[in-house]
Amino acid sequence: MRVELGERGYPIEVVAGGLEGLGAAVRRVLAPRRAALVTNPTVGALYAEAAAESLRSAGIAVEVLEIPDGEAHKTVDTWRRLVDGLLALGVDRATPVVALGGGVTGDIAGFAAATTLRGLPFVQVPTTLLAMVDASVGGKTGVNHPAGKNLVGAFHQPALVHAALATLDTLEPAEYRAGLGEVVKHGLLADPAILELCERRPEAVLARDPAVVRELVERSCAVKAAVVAEDERESGRRAVLNLGHTAGHALESALGHGTWRHGECVAVGLVVEARLAARHGRCPADLPDRVCRVLAALGLPTAPPRLDRERVEAALSIDKKRDRGTLRLPVLEGVGRVRVDRASAGQVEELRDLILEAAEAPCAGPE
């Protein structure tokens, strides 16, 4: 499929095998003489040589740069060290940065590509489910700041997203499940078939049945590609992709970045935001329970640990989606129906209270 953004448009390739076709894909899209392959120690040990060999077999010289993995390392300092490394290689504006890894690696490498020499070509090679269905598509790059998540960054669209599904085989179960939080989000906001597949066949989803995984990845990418094509820089419609993220980001910040995985926080955020919508009659009264059941069936958390009220309040107050003194909040009106509202101060307080109350009122398990 393709993200239609005119001159900045790019293909998303979902392939059943491993990284054998990466070099040919990069050659076809960019035809570079050399590339900088950016990865992390965990993914690099598994796939860096395969990726590099594929690039070399397509006539592309490769230099490998390694950055630390994990949300705790998604910092300005890691970005600076990567830029230093790229400059030390003598890259020019035709040298693509190829990000091999999960969302953190892609975000940092993409931000380095956006800012080195005022912009290098960028290729996403996601190796986690979360990165495949969300982080690798859309051009959001950046790092965290002590004040909040993703507060330093840039929009920098990749030239190619190459998702090799076989790389998911080595993903640890908790990381795989975390990616399902974003999958469920896409089902809720735009594609009921995603939600229904997760409800009907949770065992197959968790067992990583190849046909099921491929369908979930392709459908999720199609949802995100369509929204990004409509609103590249989140000036309007794209904010629907933040469903579950207002509460989820607040949870991440309140817990401390890296304490919980992003997809786990999004899962709890989906529950909390569905409860807020139901409380105001914006969605069917039984929808929050349905959201809870499907998330629980997929092994995702539906309630946070006990949290400090002031930390949650502070996290909501600096949320990056604030605009003109209000919070732009995606509102779930039904499966496949989400709109973006400007939340009142009272609604922000309600959201804070619901996050805190969720620890005391966990969802029922799957039927």
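Residues numbered from 1 in each chain as written. Predicted model: local features only at pLDDT ≥ 70, side-chain atom pairs only at ≥ 80, totals over all residues. Heavy atoms only, no water.

(A) Representation of the sheet that holds strand E5 (residues 97-101) in the model. Across the sheet, seven strands lie side by side as E1-E2-E9-E6-E5-E3-E4; this open sheet has mixed pairing. The open sheet terminates on both sides in strands that have one partner only, identified here as strand E1 (2-3) and strand E4 (61-66). Direction of pairing for strand E2 (residues 10-15) relative to strand E9 (residues 160-164): parallel, over a ladder of four bridges. Considered in E9, the bridge of Val-14 is made with Ala-163. In the packing of helix H2 (residues 41-57) onto the sheet, contacts are made with strand E3 (34-39), E4 and E5, and the angle to E3 comes to roughly 165 degrees. (Pairing = 2+ DSSP bridges. Helix = DSSP H or I, 4+ residues; strand = E, 2+ residues; numbered from the N terminus. Contact = heavy atoms within 4.5 Å. Axes fitted to C-alpha atoms, helices over the stretch in contact; angles between N-to-C directions.)

(B) How the structure looks around empty space enclosed by the protein. If you walk through the whole model with that rule in mind, you get two cavities of 30 Å³ or more. What the largest cavity holds in volume is close to 100 Å³. Lining of the largest cavity is provided by Glu-273, Leu-276, Ala-277, His-280, Arg-282, Leu-329, Pro-330, Val-331, Leu-332, Asp-341, Ala-343 and Gln-347. Contributions of two or more residues to the lining of the largest cavity are made by helix H11 (262-279), strand E11 (326-334) and strand E12 (337-343). Classifying every residue of the lining of the largest cavity by side-chain character gives seven nonpolar, two polar and three charged. (1 Å grid on protein atoms, 1.4 Å probe; cavity = no way out; pocket = protein on both sides within 12 Å on 5 of 7 lines; lining within 4 Å. Points joined across faces, edges and corners; volume = space filled by probe spheres on them. Nonpolar A, V, L, I, M, F, W, Y, C, P; charged D, E, K, R; others polar.)

(C) Structural context of the nonpolar core. Counting residues in each nonpolar core, the largest one holds 56 residues, and the members touching the most others are Val-217 and Leu-295. Take this core: its biggest share by element is nine residues, from helix H9 (residues 210-230). (Core = buried A, V, L, I, M, F, W, Y, C linked by side-chain atoms within 4.5 Å. Buried < 20%, exposed > 50% of the residue type's maximum accessible area, 1.4 Å probe, protein only.)

(D) Seen up close, the environment of Asp-341. Note that Asp-341 resides in strand E12. Residue classification places Asp-341 among the buried positions, given a relative accessible area of 17%. As for Asp-341 and Arg-328, which are separated by 13 residues in sequence, their C-alpha atoms are 5.6 Å apart. Excluding residues within four positions of it along the chain, Asp-341 makes contact with Arg-282, Leu-327, Arg-328, Leu-329 and Val-331. There is a polar contact of 2.9 Å between the side chain of Asp-341 and the side chain of Arg-282. Of the polar contacts made by the side chain of Asp-341, one reaches the side chain of Arg-339; its length is 3.0 Å. (Polar contact = N/O pair within 3.5 Å; in protein donor to acceptor, adjacent residues only side chain to side chain.)

(E) Representation of the packing of aromatic side chains within the structure. Under the defined criterion, the tally for this structure stands at one aromatic pair. Taking the centre distance of 5.1 Å and the plane angle of 25 degrees together, the rings of Trp-79 and Phe-111 count as stacked. Of this pair, Trp-79 sits in helix H3 (residues 76-88) while Phe-111 sits in helix H4 (residues 103-115), placing them 32 residues apart in sequence. (Phe/Tyr/Trp six-rings, centres within 6.5 Å; stacked < 30°, edge-to-face > 60°.)

(F) Layout of the layout of surface pockets. Taken as a whole, the second largest pocket holds about 170 Å³ of empty space. Forming the boundary of the second largest pocket are 14 residues, of which Glu-7, Arg-8, Gly-9, Gln-157 and Pro-158 lie nearest the centre. Across the lining of the second largest pocket, the residue classes tally to six nonpolar, three polar and five charged.

(G) Representation of the packing of helix H13 (residues 309-317) against helix H14 (residues 345-358) in the model. In contact at an axis separation of 10 Å, H13 and H14 are set at 135 degrees when each is read in the N-to-C sense. Regarding the angle of H13 to H14, the classification is oblique. Relative to H14, H13 is oriented so that their crossing is right-handed. Touching Arg-309, Val-312, Glu-313 and Leu-316 of H13 are Val-348, Leu-351, Arg-352, Asp-353, Ile-355 and Leu-356, all from H14. When grouped by side-chain class, the residues that make up the contact of H13 with H14 number six nonpolar, no polar and four charged. (Parallel < 35°, antiparallel > 145°, perpendicular 65-115°, else oblique. Left-handed = near helix turned anticlockwise from the far one by under 90°.)

(H) Representation of the pattern of salt bridges in the model. With the rule as written, the count across this model stands at 29 salt bridges. When the shortest N-O distance is used, the salt bridge between Asp-134 and Lys-185 registers 3.5 Å. Here Asp-134 is found in helix H5 (residues 129-135), whereas its partner Lys-185 is found in helix H6 (residues 173-189), with 51 residues between them in sequence. Asp-134 gets classed as buried once you look at its relative accessible area, which sits at 10%. Put simply, Asp-77, Arg-80, Arg-81 and Asp-84 are held in one network by salt bridges that share partners. (Salt bridge = Lys/Arg side-chain N within 4 Å of Asp/Glu carboxyl O.)

(I) Region of interest: helix H1 (residues 22-30). Along H1, the residues classified as buried are Leu-22, Gly-23, Ala-25 and Val-26. Down the axis of H1, the buried side of the element spans an arc of 160 degrees, and every buried residue falls inside it. Packed against the buried residues of H1 are E2, H2, strand E6 (122-126) and E9. Positive backbone phi, approximately 50 degrees, marks Ala-31, located one or two places after H1. (Arc of directions from axis to C-beta.)

(J) Region of interest: the state of the cysteines. For the structure on display, the rule yields zero disulfides. In this model Cys-221 remains outside any disulfide bridge; the closest cysteine sulfur is found in Cys-198, 14 Å from its own. We note that Cys-283 lacks a disulfide partner, and the nearest cysteine sulfur, in Cys-292, lies 11 Å from it. Residue classification places Cys-283 among the buried residues on the basis of a relative accessible area of 7%. (Disulfide = S-S within 2.5 Å.)

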